[in-house]
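What follows is the residue order along each chain.
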Amino acid sequence: MSNQPETNETPATGYTPAPRKVGLPRFFELLGRDLWAFYRASFLCLLGFLPGTALAVFGQMGGSALLTVLGGLLGGLIGGPFLSGMIDTTLRALRDEPGYWWHTYKRAWKQNWKQSLLPGALLGLFVGSWSWMLRAQAAAGNTSTMMWVASLAGIFVCTGFFSWLLAQVPLVDLPLPQLAKNAGLMFFGFFPRTLAAALLLAVYWGLTLLYLPFTIITLLAFGFWLPVVIALMILYPGLDKVFKLEETLSARRDAEIEERIAESQPTFHNK
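Now for a look at the structure at hand. Only a predicted model underlies this, so the values are computations on that prediction, with no experimental measurement involved.

Right, let's get into the overall build of the protein. When you go through the protein residue by residue, the secondary structure sums to 9 helices and 0 strands. The order of α-helices and β-strands along the protein, N terminus first, is α-α-α-α-α-α-α-α-α. Expressed as a percentage of its 271 residues, the buried residues of the protein come to 38%. Counting only contacts in the protein whose residues sit at least 6 apart along the sequence, the fraction spanning at least 24 positions is 74%. With the model as given, the accessible surface of the protein reaches about 15600 Å², and the carbon-plus-sulfur share is 70%.

Tallying each qualifying case throughout the model produces 9 salt bridges. In this structure, arginine 20 and aspartate 96 form a salt bridge, with 2.9 Å as the shortest nitrogen-oxygen distance. Of this pair, arginine 20 sits in the segment before helix 1 (23-62) while aspartate 96 sits in the loop between helix 2 (65-94) and helix 3 (101-140); the two residues are 76 residues apart in sequence, bridging distant segments of the chain. For aspartate 34, the salt bridge is made with arginine 33, and the minimal N-O distance between the two is 2.7 Å. Using a relative accessible area of 5% as the deciding quantity, one classes aspartate 34 as buried.

Okay, the environment of isoleucine 87 next. On the secondary structure map, isoleucine 87 appears in helix 2. With a relative accessible area of 6%, isoleucine 87 lands in the buried category. Sequence spacing of isoleucine 87 and alanine 167 is 80 residues, and the spatial spacing of their C-alpha atoms is 6.5 Å. If sequence neighbours within four positions are ignored, isoleucine 87 has contacts with Leu166, Ala167, Pro170, Val228 and Leu232.

Now for the packing of helix 1 against helix 8 (residues 225-243). The interhelical angle for the contact between helix 1 and helix 8, taken along N-to-C directions, is 135 degrees, at an axis separation of 10 Å. In terms of axis orientation, helix 1 runs oblique to helix 8. Here helix 1 runs over helix 8; the crossing is right-handed. Each of Gly23, Arg26, Phe27, Leu30, Leu31, Leu35, Phe38, Tyr39 and Ser42 in helix 1 lies in contact with helix 8, whose residues at this interface are Trp225, Leu226, Val229, Ile230 and Met233.

With that settled, consider the nonpolar core. Judged by nonpolar contacts, the single largest core of 49 residues is most densely connected at Phe38, Leu83, Met86, Trp164, Phe224, Leu232 and Leu239. Secondary structure elements with two or more residues in this core: helix 1, helix 2, helix 3, helix 4 (145-168), helix 5 (176-189), helix 6 (191-210) and helix 8. Looking at which element gives the most residues to this core, the answer is helix 8, with 10 residues. Setting aside residues up to four positions removed in sequence, leucine 239 forms contacts with Leu91, Trp164, Ala167, Leu171, Met186, Leu232, Lys244 and Leu245.

Most pronounced at glycine 79, the bend in helix 2 amounts to some 50 degrees, and the proline proline 81 follows within four residues. Just downstream of helix 2 lies aspartate 96, where phi reads positive at about 55 degrees.

The rules we used
- Residues numbered from 1 in each chain as written.
- Predicted model: local features only at pLDDT ≥ 70, side-chain atom pairs only at ≥ 80, totals over all residues.
- Heavy atoms only, no water.
- Helix = DSSP H or I, 4+ residues; strand = E, 2+ residues; numbered from the N terminus.
- Buried < 20%, exposed > 50% of the residue type's maximum accessible area, 1.4 Å probe, protein only.
- Contact = heavy atoms within 4.5 Å.
- Areas by Shrake-Rupley, 256 points an atom, 1.4 Å probe, with all protein chains shown as cover.
- Salt bridge = Lys/Arg side-chain N within 4 Å of Asp/Glu carboxyl O.
- Axes fitted to C-alpha atoms, helices over the stretch in contact; angles between N-to-C directions.
- Parallel < 35°, antiparallel > 145°, perpendicular 65-115°, else oblique.
- Left-handed = near helix turned anticlockwise from the far one by under 90°.
- Core = buried A, V, L, I, M, F, W, Y, C linked by side-chain atoms within 4.5 Å.
- Bend = angle between axes of the 7 residues up to and from the residue.

None of the figures reported here should be taken as evidence of function without further support.
See below:
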């Protein structure tokens, strides 16, 4: 095992980094450097969503709409802070921000857990309600094509909206109405990115939930980290443009370098 500290990069004074990779090369670069951090954050996320998901599955199997919806709500409420931690881990990797994962994860969790509760609960409520509605439509057997189209369109809209909403939680300290407004503006302002990320998440989670329990191995291996990393890679340029993430990080690094230089200078005292 390497004795080097767990960090996303090794900054050096006067060092000019090479242009950042994009697409698949960037994805594999992130995996080579941060896969262990992604996996740990993802595993904690799975544990956070497990109680509510188990209740929702029990409700589906028992034909109870109430238990299904309550399970979704509970899952989102408990799992929201862990999902925020997963998103924070991914955003730090995308910013090439240095730091020990467990230290930064705990700090981000403490800072964001309260703010992530309500968005997580709303996400869980949507998932629980929508899963029950789709089950009811499939059981009815005579659902019109337009109803199925409307249901799938609703999944896309909510998936895209919550992607932008939850991505803001680790970045800015704003009330939920402002987060929702920003999410709506970014949803349409970066619509091609919204479309790509929403389709990816909808297909991944749709297939995963549809083929349970056979996809439990997939969840253990890829869980939240795979769809979150790819989706945030798609959305990141929009987040950076709105919140100036790279500019802020660069300014912080410059300030740290100047502080180190100032500390290294000898200090002379007059008699």
